[in-house]
Amino acid sequence: MAKLEILTYPNPLIRKKSAPVENITEETVKTCAAMAEAMYRAKGVGLAAPQVGILKKIIAVDIGEGLITLINPRITLFEGDEKGEEGCLCLPKLTVDVKRHAKVQVKGYDLKGTEVIFDAEELLARALQHEIDHLDGLLIIDRLSRLKRDLALRKYRKLNAEEKDKD
Ligand code: ZN
């Protein structure tokens, strides 16, 4: 499989809802490997399939404790909330404070089709919620108040316009 390219805002594909994976095929396995490669190449802690233009419910997460690949992940329990700084590979250079559930239980399937359950907190809980949001076309800016979102987008455009000027 060719190297996957990470799409950046405002690419319309990252705003679309992803479809569940019906069958885990050889293609699914290849997609997951290519997603992990793209995530590590970009030095991210997580990647969702729509970020590379694949509208399927697949996420990869590695917060430094090993790769987790989840098919059709969903949040089944949550508790508390917590604010924390987040960035997104689709929004280069931007970081914003995002409120998330402090603890989550996430259920999904591994590449063998076996159901797996993660009881996560702290960074893992945050990363899982961030990636699951991507499957609904949601970005970190959508978790902000309208005012903060406008400010963040203005900052994002400025940060990335400067980069383009250098080319
Ligand atoms: Zn993201």
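Whatever comes next refers back to the structure up there.
Predicted, not measured: the structure shown is a model, and the values here were computed from it. (Residues numbered from 1 in each chain as written. Predicted model: local features only at pLDDT ≥ 70, side-chain atom pairs only at ≥ 80, totals over all residues. Heavy atoms only, no water.)

Focus: the coordination of the zinc ion
Distances from the zinc ion to its protein donors, namely Cys88 (SG), His130 (NE2) and His134 (NE2), fall within the range 2.0 to 2.2 Å. One chain supplies every donor to the zinc ion, and in sequence these donors are spaced C-x41-H-x3-H. Of this pair, histidine 130 and histidine 134 are both found in helix α2 (residues 122-135), four residues apart, which corresponds to roughly one turn of the helix. By relative accessible area, which is 8% here, histidine 130 ends up buried. (Donors = N, O, S within 2.8 Å, 3.2 Å for Na, K, Ca; no water. Helix = DSSP H or I, 4+ residues; strand = E, 2+ residues; numbered from the N terminus. Buried < 20%, exposed > 50% of the residue type's maximum accessible area, 1.4 Å probe, protein only.)

Section: the sheet that holds strand β1 (residues 46-48)
Read across the open sheet, the five strands follow the order β1-β2-β3-β4-β5; overall the sheet is antiparallel. The open sheet is flanked by β1 and β5 (115-121), the only strands paired with a single partner. If you compare each strand with its neighbour and ignore which way they point, the axes differ by 40° on average. Examined bridge by bridge, strand β2 (residues 58-61) and strand β3 (residues 68-88) share four bridges and lie antiparallel to one another. Within β3, the residue paired with alanine 60 across the bridge is threonine 69. Sitting on the sheet, helix α1 (residues 26-41) touches β1, β2 and β3, and the angle it makes with β2 is about 40°. Seen against the sheet, α2 touches β1, β2, β3, β4 (91-109) and β5 and runs at an angle of roughly 115° to β3. (Pairing = 2+ DSSP bridges. Axes fitted to C-alpha atoms, helices over the stretch in contact; angles between N-to-C directions. Contact = heavy atoms within 4.5 Å.)

As for the nonpolar core
Grouped together as the largest cluster of nonpolar side chains are 16 residues, with contacts concentrated most on Tyr9, Leu91, Leu94, Val96 and Ile141. Those elements giving two or more residues to this core turn out to be β4 and α3 (146-166). For this core, the element with the most residues is β4, which contributes four residues. Beyond its immediate chain neighbours, meaning those up to four positions away, valine 96 contacts Gly84, Glu85, Glu86, Ile140, Leu144 and Ala152. Within the second largest apolar cluster, 15 residues are counted, among which are Ile6, Ala38, Met39 and Leu47. (Core = buried A, V, L, I, M, F, W, Y, C linked by side-chain atoms within 4.5 Å.)

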